[in-house]
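Descriptive analysis of the structure
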Amino acid sequence: MKPELILRISADLAMTVLLLLLMTYDLIGQAAHEWLGIAMFLLFILHHVLSRRWLKSVFRGKYTPMRVLQTVTAFLVLLSMIGSAVSGVILSRYAFTFLPISGGRAFARSLHMVCGYWGFVLMSVHLGLHWGMLSGIFSKHIHLPKTAVICFKIIGAAAAAYGVYAFIKRSLPGYMLLQNRFVFFDHEEPLALFLADYVAIMILFAGVGHFAMKLMKFIYKGKIKNENKNAR
């Protein structure tokens with residue numbers, strides 16, 4: 001495995017862990033949340049530096065439905081990250097107190113919540129859209145028996161099913177649509193249980209992205225076959 005690929009995978013794994021930890025917000029304290037947010041933003045920049053070839057090709061080549069889906073999702077992730085970063089700086093009580101910022105906190109709080117929860121969902125979908133590529137890379141270096149692969153798929157399906165329940169239980173729809181203006185945290189709940197729910201939600205939306213990509217590939221290939229038949 002090439003060093004740049006190792007760095008890219010390591011950065012993506014670190015971003016995944018930080019994304020989960022950032023969702024704990026009040027459970028780990030605002031100071032920790034701010035510093036983790038800064039680390040997340042820096043890794044986000046590194047991710048795009050390492051993906052510079054993809055960025056250069058955005059305005060080149062043919063756009064298939066799969067490529068459109070990937071590009072639109074990446075753009076929405078970018079918007080959510082920028083919104084989270086800007087609102088986070090305005091709301092900062094620790095890392096950016098040296099900046100002469102005053103006012104706009106009410107709007108920034110709503111923006112931070114919307115961008116944070118939409119960003120979590122969109123980044124999970126983004127992960128699922130590229131899952132085929134990632135699994136292909138890992139399968140070249142890690143050979144698992146078929147029984148282990150089947151077990152992982154069953155566990156993933158069960159986690160995704162629970163993720164539907166956790167998505168509703170944790171009130172994410174209300175936060176994403178600003179139906180709830182404040183996020184509720186149960187400080188008596190073990191952090192591990194909170195994170196387990198969010199891991200399940202992440203798996204759910206990664207699965208949505210993965211199967212959306214597979215479905216679009218299937219439809220697109222069928223369309224190409226029909227066009228080739230009609231051209232004969």
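See the structure shown above.
Residue positions are counted from 1 within each chain, in the order its sequence is given. With the structure being a predicted model, the display of local features is reserved for residues of pLDDT at least 70 and the display and counting of side-chain atom pairs for 80 or more, all residues being used for whole-chain, interface and lining totals. With hydrogens and water excluded, all non-hydrogen atoms of the structure serve as input to the side-chain values.

Let's talk about the side chain of Ser124
Note on placement: Ser124 falls in helix α5 (residues 105–129). Relative accessibility thresholds used throughout: buried, under 20% of the residue-type maximum; exposed, over 50%; partly exposed, between the two (1.4 Å probe, protein chains only). For Ser124, a relative accessible area of 1% gives the class buried. Looking at Ser124, its side chain comes within polar contact range of the main-chain oxygen of Phe120, at 2.8 Å. In contact with Ser124, other than residues within four places in its own chain, are Met202, Phe205 and Ala206. Strands are runs of DSSP state E lasting at least 2 residues, helices are runs of H or I lasting at least 4, and numbering of each runs from the N terminus. Within 3.5 Å is the distance limit for a polar contact, defined as a pair of N or O atoms, with the added protein rule that one can donate a hydrogen and the other accept it, and that residues adjacent in sequence qualify only through two side-chain atoms. Note on contacts: a residue pair is in contact if any heavy atoms of the two residues lie within 4.5 Å.

Structural notes on the environment of Arg60
On the secondary structure map, Arg60 appears in the loop between α3 (52–56) and α4 (65–91). What makes Arg60 exposed here is its relative accessible area of 57%. As a C-alpha pair, Arg60 and Leu27 span 33 residues in sequence and 45 Å in three-dimensional space.

Examining the pattern of salt bridges
The term salt bridge refers to a side-chain nitrogen of Lys or Arg lying within 4 Å of a carboxyl oxygen of Asp or Glu. By the definition in use, this model includes four salt bridges. Here Glu4 and Arg52 are joined by a salt bridge, their closest N and O atoms 3.8 Å apart. Remark: Arg52 occurs in helix α3 and Glu4 occurs in helix α1 (residues 3–22); sequence separation between them is 48 residues. On the basis of relative accessible area, Glu4 is assigned to the partly exposed category, the value being 37%. For Arg52, a relative accessible area of 37% corresponds to the partly exposed category. The residue Asp197 makes a salt bridge to Lys169 at a minimum N-O spacing of 3.1 Å. Linking Asp197 in helix α9 (residues 191–231) with Lys169 in helix α7 (residues 146–169), this pair joins segments that are 28 residues apart in sequence.

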